Amino acid sequence: MNIESAFSTLGFESVQHQADVVVVGAGGAAMRAAVSAAEQGASVIVVAKQQVGRGGSTVHGASEIMSMGAAGFGVAEDNPDVHFRDTMEAAFGFIDPVLVRALAEDAPKRVNDLIKYGVPFDRNPDNSYKLIRSDFGTYARALGVSGKTGAAVVKALTEQATNLGVRILSPLSLVDLIRDEDGSTAGIVAIDVETRKFHVISAKAVVLGTGGVHGLFSQQVSTPDVVGDGQAICYRHGAELVNLEFHQFGPALIKPYVQLFSKSCFVLHPVMLNNKRETFLEKYLPAGVSAEEVYDEKVFPFTISNPSKYVDIAIAREIAEGRGTENGCVYFSFDHVDQATLDRVVPNTAGWMREKGVDMRKSELEVGIAFQCLNGGVRMVDNNAQSSIPGLFVVGEISGGVRGPDRPGGNSLAEGQVFGHRAGVAAAALKSRQHGSNASSIERTVQELATLGKRNVGLDSVREADTLRQAMQQYCLVEKDQDGLSKVLAQATALTDALQSGGNADQASITDALTLRNMAQAAELVAVACLNRRESRSGHYRVDYPQTDNSTYRTSFVVKRGASGPELVEHPYATSIEQAGDNA
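It should be emphasised that the depicted structure is a prediction, and the values quoted were computed from it without experimental measurement.

Asks: Would you take a moment to explain the overall build of the protein chain for this structure?
Replies: Each helix and strand counted, the protein chain has 18 helices and 20 strands in total. For the protein chain, whose C-alpha radius of gyration is 23 Å, the value lies close to the compact-globule estimate of 25 Å for 584 residues. Taking the principal axes of its C-alpha atoms as reference, the protein chain extends roughly 70 × 60 × 50 Å. The burial tally for the protein chain puts 62% of its 584 residues in the buried class.

Okay, structure coming up:
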């Protein structure tokens, strides 16, 4: 079929490109994949929704301890075997030991790559690396760059990609995958979010690094354009997704700008106030648990495994019951802490606030519960980050199988580098593959776009997206139950059904309709997964099922597209080191 004329009939211009590998996303994992594919001699195009270095959670994520975990840079006793065991023990039954072994073995190599590319990891006065011991870590093994490690990694990789001749197209948003007649990926369709011109990019392999689902929530620490595009599109194409009910979130400064509060901030015992300027934490504490204990135990992200859970529960409940600010927050006060202590305990946070004109001791800080990370995603079926769709690789937060309900801090950045590299190399190896016809795939995409252009009385994509975010924030974050999750599911399903009849989209609003379609689909998948797990575990807190149930829910669930909607099946991973095997 004539691609140009197909889009022209809808009133849109189109342009065609060709490459060996197309990478969608521009965070740490995606840019690592682009660099590694290019180093193998493949021609590479990167498609980014925002200008590289401005969008996504890798760049915007920052905390006192944001870092990348890798054994071999600290004590001699630490090694990949210890890192493997730490990661497996944090999430037995929910993660793939083959993936974890690749992570532990390769992370030191990828750190050395980043050092070669110019990432200035923090050092001690004796020039040794300054290492952080994170949650679930036997030893200090995480390297950072003054709390903004992700931004430093993306900067270095972008420079390397540019030097290797990688083409970067932005601001382009993923619309659909192109599938060959045998089902393998043959490229992507994307849309320029400014000009509304469609880009059809033919490729021998596709790497998706589109991030998580931050934009499904009204408060989050990434950028609101990260709405689950990749997850929704992969689901519609039949890919398997795993562990979607496990998320990371916690207290974060929302106003005057977004900044998460790590453990370091809570050891200072901030005073929390509702909109009536009343303290409220104590009324949520059971007998025998003090506010001091809760603050001292506080970790980020939220977990039910220790008393620090009451901080998040208290904040969320005050807001839900109408005692929050108009911005959906509570107030934090640090005016009882002297400046010298702030500069010593939270130097990065205090410094960033000063840069923004905020005085931690005097400013009125509005703090809410912000979504930080989706621990599940499109399932990696091998240690090259291949998905269950041939020729489609998934890296970074969109991927699933190496993150369960808990994981060692520092693993996220390491995962992106390890599997980004592996995916890039594997994708480049497909550059000589021969494709058949993709006409029917592109025709389906055009037909779906035509449907979104049909009139649908009363449907306002921007308004519906905002309403969905509010529902996800209220019912699918801290305290979950059957009633609230069912409300989210009903709302998401209704939107998906409505959009199949029409989306009121014209040239000006087509990106809004595409965004809403993906948001509704991703929200439906998350809600189904959360409803299915009728227990509480780590950050998944069901107030109607408050206990952890190892007899019934000791393993992962995979969701994929069925005849009448999402279908979930049990997907067992190793539940012990013995099952995992030392050579996994």
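Now that the structure has been shown, the text picks up again.
Asks: Please explain the packing of helix H15 (residues 461–475) against helix H16 (residues 482–499) as it appears in this structure.
Replies: Packed helices, taken two at a time, are described by their axes: the angle between them and the distance between them. Direction vectors running N to C along H15 and H16 enclose 160°, while the axes themselves pass 9 Å from each other. Overall, the two elements H15 and H16 adopt an arrangement that is roughly antiparallel. Remark: the crossing between H15 and H16 carries left-handed chirality. Across from Glu464, Thr467, Leu468, Ala471, Met472 and Tyr475 in H15, the residues of H16 making contact are Gly484, Leu485, Lys487, Val488, Gln491 and Leu495. When its residues are assigned to classes, the contact of H15 with H16 shows 7 nonpolar, 3 polar and 2 charged.

Asks: Even after reading the chapter, I still don't get the packing of aromatic side chains, so can you show me in this structure?
Replies: The geometry of an aromatic ring pair is captured by the separation of the ring centres together with the interplanar angle, meaning the angle of the planes. Scanning all chains against the criterion turns up 13 aromatic pairs. Judged by centre distance (5.1 Å) and plane angle (85°), the rings of Phe12 and Phe198 are edge-to-face. In this pair, Phe12 sits in the loop between helix H1 (3–8) and strand E1 (14–24) while Phe198 sits in strand E9 (residues 198–208), placing the two residues 186 residues apart along the sequence. Looking at Phe12, the relative accessible area reads 9%, which means it is buried. In this structure, Lys298 is placed above the aromatic ring of Phe266, and the distance from its NZ or CZ to the ring centre is 5.7 Å.

Asks: In this structure, what is going on with the sheet that holds strand E16 (residues 377–379)? I would like to understand it.
Replies: Paired through backbone hydrogen bonds, the strands of a sheet run either parallel or antiparallel to each other. The mixed open sheet is built from 5 strands, whose spatial order is E18-E16-E10-E19-E20. Among the strands making up the open sheet, the edge pair consists of strand E18 (399–400) and strand E20 (565–571). Strand direction decides the pairing type here: E16 and E18, joined by 2 bridges, are parallel. Looking at E18, one finds that Arg379 is bridged to Gly400.

Asks: Please explain the pattern of salt bridges as it appears in this structure.
Replies: Side chains that differ in charge, positive against negative, can pair when their charged atoms come close. Per the stated rule, a full pass over the model turns up 29 salt bridges. Among the salt bridges present, the one from Asp106 reaches Arg422, with a minimum N-O distance of 2.7 Å. With Asp106 in helix H5 (residues 97–117) and Arg422 in helix H13 (residues 411–428), the pair connects residues that are 316 residues apart, well separated along the chain. Its relative accessible area of 7% is what places Asp106 among the buried residues. Among the residues examined, Arg422 registers a relative accessible area of 19% and is labelled buried. Residue Arg542 pairs with Asp544 through a salt bridge whose shortest N-O separation is 2.9 Å. Within the structure, one salt-bridge network assembled from shared partners comprises Arg32, Glu39, Arg110 and Asp113.

Asks: What is the right way to look at the environment of Gly377 in this model?
Replies: By the secondary structure assignment, Gly377 is in strand E16. A residue is classified by how much of its surface remains accessible, and Gly377, at 0% relative accessible area, is buried. Along the sequence, Gly377 and Ala316 sit 61 residues apart, while their C-alpha atoms lie 26 Å from each other. Leave out the neighbours within four places in its chain, and Gly377 touches Glu240, Leu241, Val242, Leu244, Ile398, Ser399 and Gly400.

Rules of the game
- Residues numbered from 1 in each chain as written.
- Predicted model: local features only at pLDDT ≥ 70, side-chain atom pairs only at ≥ 80, totals over all residues.
- Heavy atoms only, no water.
- Helix = DSSP H or I, 4+ residues; strand = E, 2+ residues; numbered from the N terminus.
- Rg over C-alpha atoms; globule rule 2.2 N^0.38 Å.
- Buried < 20%, exposed > 50% of the residue type's maximum accessible area, 1.4 Å probe, protein only.
- Axes fitted to C-alpha atoms, helices over the stretch in contact; angles between N-to-C directions.
- Parallel < 35°, antiparallel > 145°, perpendicular 65-115°, else oblique.
- Left-handed = near helix turned anticlockwise from the far one by under 90°.
- Contact = heavy atoms within 4.5 Å.
- Nonpolar A, V, L, I, M, F, W, Y, C, P; charged D, E, K, R; others polar.
- Phe/Tyr/Trp six-rings, centres within 6.5 Å; stacked < 30°, edge-to-face > 60°.
- Lys NZ or Arg CZ within 6 Å of the ring centre and 35° of its normal.
- Pairing = 2+ DSSP bridges.
- Salt bridge = Lys/Arg side-chain N within 4 Å of Asp/Glu carboxyl O.

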